Amino acid sequence: MIGGLFIYNHKGEVLISRVYRDDIGRNAVDAFRVNVIHARQQVRCPVTNIARTSFFHVKRSNIWLAAATKQNVNAAMVFEFLYKMCDVMTAYFGKLSEDNIKNNFVLIYELLDEILDFGYPQNSETGALKTFITQQGVKSQTKEEQSQITSQVTGQIGWRREGIKYRRNELFLDVMESVNLLMSPQGQVLSAHVSGRVVMKSYLSGMPECKFGMNDKIVIDKQGKGGSSDEAGKSGKQSIAIDDCTFNQCVRLSKFDSERSISFIPPDGEFELMRYRTTKDIILPFRVIPLVREVGRTKLEVKVVIKSNFKPSLLAQKIEVRIPTPLNTSGVQVICMKGKAKYKASENSIVWKIKRMAGMKESQISAEIELLPTNDKKKWARPPISMNFEVPFAPSGLKVRYLKVFESKLNYSDHDVIKWVRYIGRSGIYETRC
Amino acid sequence: MTDSKYFTTTKKGEIFELKAELNSDKKEKKKEAVKKVIASMTVGKDVSALFPDVVNCMQTDNLELKKLVYLYLMNYAKSQPDMAIMAVNTFVKDCEDPNPLIRALAVRTMGCIRVDKITEYLCEPLRKCLKDEDPYVRKTAAVCVAKLHDINAQLVEDQGFLDTLKDLISDSNPMVVANAVAALSEIAESHPNSNLLDLNPQSINKLLTALNECTEWGQIFILDCLANYTPRDDRESQSICERVTPRLSHANSAVVLSAVKVLMKFMEMLPKDLDYYGTLLKKLAPPLVTLLSAEPELQYVALRNINLIVQKRPEILKHEMKVFFVKYNDPIYVKLEKLDIMIRLASQANIAQVLAELKEYATEVDVDFVRKAVRAIGRCAIKVEQSAERCVSTLLDLIQTKVNYVVQEAIVVIKDIFRKYPNKYESVIATLCENLDSLDEPEARAAMIWIVGEYAERIDNADELLESFLEGFHDESTQVQLQLLTAIVKLFLKKPTETQELVQQVLSLATQDSDNPDLRDRGYIYWRLLSTDPVAAKEVVLAEKPLISEETDLIEPTLLDELICHIGTLASVYHKPPSAFVEGSRGVQHKRLPARAGSGESTESPDVGQSVGGADAPPAVIPSQGDLLGDLLNLDLAPPATTVPAVPASMQMGAMDLLGGGLDSLMGDESETHNIHQRMESPSPQSLSEYSHPELGGDIGGSPAIGAGMGAPPAVMPASLNAAVGGGLGDLFDLGGGVGMPTGAFIPPKTLWLPAMKAKGLEISGTFARRSGVLQMDLSLTNKALSVMSDFAIQFNRNSFGLAPAGPLQVLTPLTPNQTIDVALPLSTVGPIMKMEPLTNLQVAVKNNIDVFYFSCQYPISILFVEDGKMDRQVFLATWKDIPNDNEAQFQIKDCHLNSDAATNKLQSSNIFTIAKRTVDGQDMLYQSIKLTNGIWILAELRVQAGSPNYVLSVKCRASEVSQFVYQCYELVLKN
């Protein structure tokens, strides 16, 4: 299991050092600094073995988190834990920065003591932790409160405490998708997938039992068999095939496995209900058509056309096209029909920004790139043209069909809950080779 | 809250100040002081001097302060064990606290204080806490048992904590169960044979129930524990799998991977024709793909594991090639792993796509990645035969880019392609040779050298190419040196006549001037092989290599199975068994996959190897050193006793060759010639007649006394030493002799022509000589059998120069066991003629009372140089003009420091006669003639530039094939 956990600043100075096991000595702290943080070359692996000690590290802005061990630990677990650790710290004091960590080092030690015991991760749900790690002592707690805390921390529903009350029961569902594309210069889709997340913000009283429904092909087809045939035909069209999905730990996985129904008692506040991935019938919101022509050795002509491919009534936002330029570029002239385009020498690319664009439209940019003659034999690698955008629909076609709330003890019904649903489609890695 | 100020205090007297603050009455000040102490501790300062003062702050009802003091205690208790006792009371008291959080804190901290005396006091509170009414305390106590076990295992057993821990597996609280499982698993690891976990269907059922209820971390503990269980039959296996599969949808990648581990392991037991087996395979793919959308570090762990899974069960992900395509922004470690998996998944169906991608990658920026991409193209060629053509042409395109590391990488893989598809793509060799100069990496150099050696017969200037590498031999890496040695030996075996200088050079470099034992050993092995039995050498060195097939660098099946049992863990990331990187008893236990159950299936079960590549034969793995080792591994390094006598002979030849020329001439006294003349060696057939000339010694001024004094003794040495040891010692002695005593004596060595093993106990070694115009074959016959040998006779096959025995083989007395007899057989050159390949090859048959034996040997062409080879000047001129220019061959003789007169003398003693000498611009031109026994004249012009060690030799002869031999003869005579 994890033998020690260290946090360093970008210079390699230790901010936090907590050793859990006897086999990790103080010198491990230095070994990591010397061999990884101060290493001359770029770190090429997140797992490093130094003198029979294995180090797992993640970096968040300027902060290094490293876990050390001498045993055959579950590597996936260590990384998951490090991410969780970052989440917990962020939930307590905001952004991970050197100052924040120094300012909260006592709290961090307290957290580390609680969520890792002898190197074994313990309950690390912020909702539960915040009930008893408060930095304010425990004097005021009554016996009932104490046992409530412990039963929540160790209990089956460790992510939610009892006795939550809201005057207005309200919930927000955000379907957030990132659509990834790799297209060949000829317009052939090399790979495309959508990875989506359903994020829920719940402000519900008591211990509500929720059930979430979406246009999952498997569910719809199953229902179609039982229901009338025309309904099946109608809904079948709109259903989507989900390649795979993962759920927050509040979701009863065995129920999903047997009935494919998503039921859960949600944590209070914001959490990620599920993640999913689809690869079939993806609506690609934009198509990029590149044309690169080398005119002699010192000039490139680039023309890029983008076409929006969705309902004309919808508006895409924050559109940005990045056209990479060779390292020996000396000057660029750009002409674009819409938006603004600039050559950014520091990033070796032409950045073309368009604020809004409706569906079924087309726009074009053309650029002349002057090159310095070089004797560098190495060919320019021609990185792909990448694109960023945001659209108000789910490119996978996912639709929320319902989210039902049942709370048997308290006196409110599903109808009393105010529900909001929003769809956001963003570009993930959306690249077209040129 | 600005705790960061605690990090900045670094003034003198700080400790003293802190001490005062710690003893302050004010609670706030105390707390501040403790915080400062902890901050100093974090930064690495030694604040252990404050131990008593900090411990005094322990008695407080402020939980935050208490936790800080505990933190301090955990750090320093070990260095101050006596004072740590002071804390015990507080711990014991805290364990009785009404607040469960404080009880748990006390028991958690106590376990972390590794002081024997404290552990004694820990037992009672721990026992209570294990039975505490509060689950939070129980789950903490469960882990504490593992802590205590780490400090004092015996104590834990004696106190019966293990039984209590086992009871906790049935606890009502899922988190208590999970921690108990984790603790027990860890303890069980250090007791491999105990039945601590005692997994049985009932306890498994409890675990599976807890699995649905506990935290994500708890699920990981339970799944990892489940993976150690071996179900009794396939039905139990299936039912566990069914209950584990829902975990594949968990958001936590570690839960998913641990579930995959359980499924991969238990799947082994399911009959393959079962529907459920197919369903399970299908269910495994999507979660594995989903892992690739996690954070990069987790992707890396996932990819390392997928690499194993793909090798074990390629069918799971065979349709998912696209998800492993590299994204431009992937971190390099993810890119490299994806590439690896792409190759493993490459098949005929998707090869076009894969190749297109790989070509794209080969133009990227990151050097390592580009290299791997190039290598991947080669691996595709080997894996998917249909694509080989396209791969090779892609590689050639890449070579044309002239990007140095791309070229080198391409050459390395083309070597493998040659091995996989012999005689198909050798047309590209020319292109490869063009890039010879740009190779600066050992692996590429070694690969290129391998190619040159392997295809020496197709590369006209193979010897020149290899020689160019030889110049900086000692600056090369071992890999290149080894390969160069092998390649030159190959070249020699293919073109013996032209390259024998080269082979001697490399053998000498490898055996005498190198500190690397591998290189020396290989050098000696080749040397012995070549000198004892060139035919065998040919069989060994030029043996047909097994085709490499399918995959390279597959993980060996038993290791793969073990790693599958470690999915998700560090072992699966390193691709090494835990014992390779974990110290102590933990992890030494090897995990194994369960055997498939059911009688019908059992016959089919050992198909692990087959399923890997999907091919019928288990794929062979390319050894990382190329075929270098392969060549050598075929050799028996400890020769059987019967071959021992060969050792001294060949070794002495070694010493002689390397230092020998000069010594030979020094000792070329009449009195010694008898011995010297027996010398013969097959790798350098040309080298001897020069030495055998009586007048030589006198010319050079060698002292007869030295020769006489040192000449004889070692000749009899190691014959009686036995086997490997004897051989080894022989080596050392000989080398010592050779190196340490440059004036030392030679024993005229004979070469082993016919080993006893091949001739029912008769061993023949021998040499050729020309003594005063008479050709002689000197033979040593040794009886290694147990019975007496008699009735010897000898016969030659037809050969290039009509050599034939001029008399019978004079073995007058029967040869008794272990007896050696030396015979000189006079030869004539009037026998039947047939052109041999190589030209100087001689096939011999020897008969005795037992059987007829055959062997072949090579004679030096110089034995055929006759004494009346001095041509008239006018005739020389006419002949020179007469021979067509096409027949002229030019050679360079390097590193020869003789002046033209000395050279003339030396050559004359070998029947190479100088007819005229001209000096133009400080350059001496020597015109020389040689006559062979069959009347063929050889004309030569030797240009000697004063002050330059390089001579230029032009040879003209109507039979141009002999030119090469003549050149070698010159080279040997002049340099020795």
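Residues numbered from 1 in each chain as written. Chains lettered and ligands numbered in written order. Predicted model: local features only at pLDDT ≥ 70, side-chain atom pairs only at ≥ 80, totals over all residues. Heavy atoms only, no water.

Draft legend 1. Examining the overall build of chain A more closely. When you go through chain A residue by residue, the secondary structure sums to 9 helices and 23 strands. Looking at chain A as a whole, 55% of its 434 residues qualify as buried. Here the contacts in chain A between residues at least 6 apart in sequence split such that 71% fall between residues at least 24 apart. Of the roughly 19500 Å² of accessible surface on chain A, a fraction of 48% belongs to carbon and sulfur atoms. (Helix = DSSP H or I, 4+ residues; strand = E, 2+ residues; numbered from the N terminus. Buried < 20%, exposed > 50% of the residue type's maximum accessible area, 1.4 Å probe, protein only. Contact = heavy atoms within 4.5 Å. Areas by Shrake-Rupley, 256 points an atom, 1.4 Å probe, with all protein chains shown as cover.)

Draft legend 2. Structural view of the pattern of salt bridges. Scanning all chains against the criterion turns up 71 salt bridges over all chains. Between Arg 108 of chain B and Asp 113 of chain A there is a salt bridge, with its nearest N and O atoms 3.2 Å apart. Placement of Arg 108 of chain B in helix 7 (residues 100-112) and of Asp 113 of chain A in helix 4 (residues 105-115) is noted, with the two residues assigned to different chains. Here the two residues Arg 108 of chain B and Asp 113 of chain A agree in accessibility, since each one is buried. For the salt bridge of Glu 360 of chain B with Arg 433 of chain A, the shortest nitrogen-to-oxygen distance reads 3.8 Å. Placement of the pair is Glu 360 of chain B in helix 20 (residues 351-361) and Arg 433 of chain A in the segment after strand 23 (418-432), with the two residues belonging to separate chains. (Salt bridge = Lys/Arg side-chain N within 4 Å of Asp/Glu carboxyl O.)

Draft legend 3. Spatial organisation of the sheet that holds strand 7 (residues 841-847) of chain B. Residue and element names in this part refer to chain B. Judged by pairing direction, the sheet is antiparallel, and its 3 strands sit side by side in the order 4-7-8 without closing on themselves. Where the open sheet ends on each side, the last strands, each with one partner, are strand 4 (793-796) and strand 8 (852-858). Within this sheet the neighbouring strands show an average axis-to-axis angle of 25 degrees, counted without direction. Sheet topology note: the strand 4/strand 7 ladder contains 4 bridges and is antiparallel. Its bridge partner lying in strand 7, Ile 794 is registered against Val 846. (Pairing = 2+ DSSP bridges. Axes fitted to C-alpha atoms, helices over the stretch in contact; angles between N-to-C directions.)

Draft legend 4. Seen up close, unusual backbone geometry. The omega torsion of the bond from Glu 837 of chain B to Pro 838 of chain B falls at -10 degrees, within 30 degrees of zero and hence cis. Assignment of secondary structure puts Pro 838 of chain B in the loop between strand 6 (820-828) and strand 7. A positive phi angle is found at Lys 318 of chain A, which is not glycine, with a value near 50 degrees. Along the chain, Lys 318 of chain A falls in strand 16 (residues 315-324). For Lys 318 of chain A, a relative accessible area of 57% corresponds to the exposed category. Positive phi, normally seen in glycine, also occurs at Asn 348 of chain A, with a value near 55 degrees. Among the secondary structure elements, Asn 348 of chain A is positioned in the loop between strand 18 (340-344) and strand 19 (349-358).

Draft legend 5. The interface of chain A and chain B, seen in detail. Counting residues at the interface gives 92 residues for chain A, matched by 106 residues for chain B. Each partner contributes to the roughly 8800 Å² buried at the junction of chain A and chain B, and carbon and sulfur atoms together form 56% of this total. Looking only at chain A, the three residues that lose the most surface to chain B are Arg 44, Asn 72 and Thr 154 of chain A, adding up to 8% of its buried area. Across the chain A-chain B interface, the total number found is 13 salt bridges. Close ionic contact of Arg 114 of chain B with Asp 22 of chain A constitutes a salt bridge, the shortest N to O distance being 3.0 Å. In this assembly, chain A and chain B are joined by 42 residue pairs in polar contact (both at pLDDT 80 or more). Take the side of chain A that touches chain B: its biggest share by element is 8 residues, from helix 2 (residues 75-93) of chain A. Of the residues belonging to the side of chain A that touches chain B, the class tally is 36 nonpolar, 30 polar and 26 charged. (Buried area = accessible area lost by both parts, 1.4 Å probe. Polar contact = N/O pair within 3.5 Å; in protein donor to acceptor, adjacent residues only side chain to side chain. Nonpolar A, V, L, I, M, F, W, Y, C, P; charged D, E, K, R; others polar.)

Draft legend 6. Highlighting the pairing of strand 10 (residues 913-920) of chain B. Residues and elements named next belong to chain B. Relative to strand 11 (residues 923-931), strand 10 runs antiparallel, the two being bridged by 7 bridges. Paired with Ala 916 across the two strands is Tyr 927, which belongs to strand 11. Hairpin connection of strand 10 to strand 11: 2 residues between the antiparallel strands, including Asp 921 at a positive phi of 50 degrees.

Draft legend 7. Representation of the sheet that holds strand 3 (residues 47-50) of chain A within the structure. Residue and element names in this part refer to chain A. Within the open sheet, the 5 strands sit side by side as 2-1-5-4-3. Their pairing is antiparallel. Whereas interior strands pair on both sides, the edge strands pair on one side only; in this sheet they are strand 2 (14-19) and strand 3. Across the sheet, the axes of successive neighbouring strands diverge by a mean angle of 20 degrees, strand direction being ignored. Bridge analysis of strand 1 (residues 4-8) against strand 2 gives 5 bridges, and the strand direction is antiparallel. Looking at the pairing, Phe 6 lines up with Ser 17 of strand 2.

Draft legend 8. Layout of the packing of helix 7 of chain B against helix 9 (residues 135-151) of chain B. Residue and element names in this part refer to chain B. Between helix 7 and helix 9, the shortest axis-to-axis distance is 8 Å and the interhelical angle comes to 10 degrees. Taken together, the axes of helix 7 and helix 9 are roughly parallel relative to one another. Within the contact between the two elements, helix 7 uses Pro 100, Leu 101, Arg 103, Ala 104, Val 107, Arg 108, Gly 111 and Cys 112 and helix 9 uses Tyr 136, Val 137, Thr 140, Ala 141, Cys 144, Lys 147 and Ile 151. Here the contact of helix 7 with helix 9 is composed, by residue class, of 10 nonpolar, 2 polar and 3 charged. (Parallel < 35°, antiparallel > 145°, perpendicular 65-115°, else oblique.)

Draft legend 9. Local environment of the environment of Leu 509 of chain B. All names here are of chain B. Tracing the chain through its elements places Leu 509 in helix 28 (residues 500-512). A relative accessible area of 13% means that Leu 509 is categorised as buried. Distance from Leu 509 to Gln 481, taken between C-alpha atoms, is 9.5 Å for residues 28 residues apart in sequence.

Draft legend 10. Local environment of the confidence of the model for chain B. All names here are of chain B. Per-residue confidence for chain B averages 78 on the pLDDT scale, and 82% of its residues sit at or above 70. Here helix 38 (residues 695-700) stands out as the element of chain B with the lowest mean pLDDT, 36, in contrast to helix 18 (residues 296-312), whose mean of 95 is the highest. Long-range and interchain partners of residues 598-748, a stretch whose pLDDT sits below 50, account for 258 contacts in this model, where long-range means more than four residues apart. Our summary of model confidence lists the complex with pTM equal to 0.68 and ipTM equal to 0.83. (pLDDT = per-residue confidence, 0-100.)

Draft legend 11. Seen up close, the packing of aromatic side chains. The tally for this structure, following the rule as stated, stands at 33 aromatic pairs over all chains. Between Tyr 72 of chain B and Tyr 76 of chain B, the ring centres sit 4.9 Å apart and the planes meet at 50 degrees, which makes this aromatic pair tilted. Taken together, the positions of Tyr 72 of chain B and Tyr 76 of chain B, both in helix 4 (residues 63-76) and 4 residues apart, correspond to about one turn of that helix. Of the two residues, Tyr 72 of chain B and Tyr 76 of chain B, both sit in the buried class. Ring centres 5.4 Å apart and planes at 40 degrees place the aromatic pair Trp 753 of chain B and Phe 768 of chain B in the tilted group. Of this pair, Trp 753 of chain B sits in strand 1 (residues 751-754) while Phe 768 of chain B sits in strand 2 (residues 762-771), and the two are 15 residues apart along the sequence. Neither Trp 753 of chain B nor Phe 768 of chain B differs from the other in exposure class; each is buried. Taken together, the aromatic side chains of Phe 6, Tyr 8, Phe 32, Phe 55 and Trp 64 of chain A make up a single cluster linked through ring pairs. Taking the ring centre of Phe 118 of chain A as reference, the NZ or CZ of Arg 21 of chain A above it sits at 3.5 Å. Lys 201 of chain A extends its terminal NZ or CZ atom over the ring of Phe 172 of chain A, reaching a point 5.9 Å from the ring centre. (Phe/Tyr/Trp six-rings, centres within 6.5 Å; stacked < 30°, edge-to-face > 60°. Lys NZ or Arg CZ within 6 Å of the ring centre and 35° of its normal.)

Draft legend 12. Empty space enclosed by the protein, seen in detail. A full pass over the atoms with the stated rule returns 10 cavities of 30 Å³ or more. Roughly 170 Å³ of volume is contained in the largest cavity. Lining the largest cavity are 15 residues, with Pro 384 and Arg 433 of chain A together with Tyr 328, Glu 360 and Glu 364 of chain B positioned closest to its centre. Within the lining of the largest cavity, the residues separate by chemical class into 8 nonpolar, 1 polar and 6 charged. In this structure, the second largest cavity spans a volume of roughly 80 Å³. Looking at the second largest cavity, the residues that line it are Val 106, Tyr 109, Glu 110 and Asp 113 of chain A together with Glu 64, Lys 67, Leu 68, Leu 71 and Met 74 of chain B. Those elements that place two or more of their residues in the lining of the second largest cavity are helix 4 of chain A together with helix 4 of chain B. A per-element tally of the lining of the second largest cavity places helix 4 of chain B first, with 5 residues. (1 Å grid on protein atoms, 1.4 Å probe; cavity = no way out; pocket = protein on both sides within 12 Å on 5 of 7 lines; lining within 4 Å. Points joined across faces, edges and corners; volume = space filled by probe spheres on them.)

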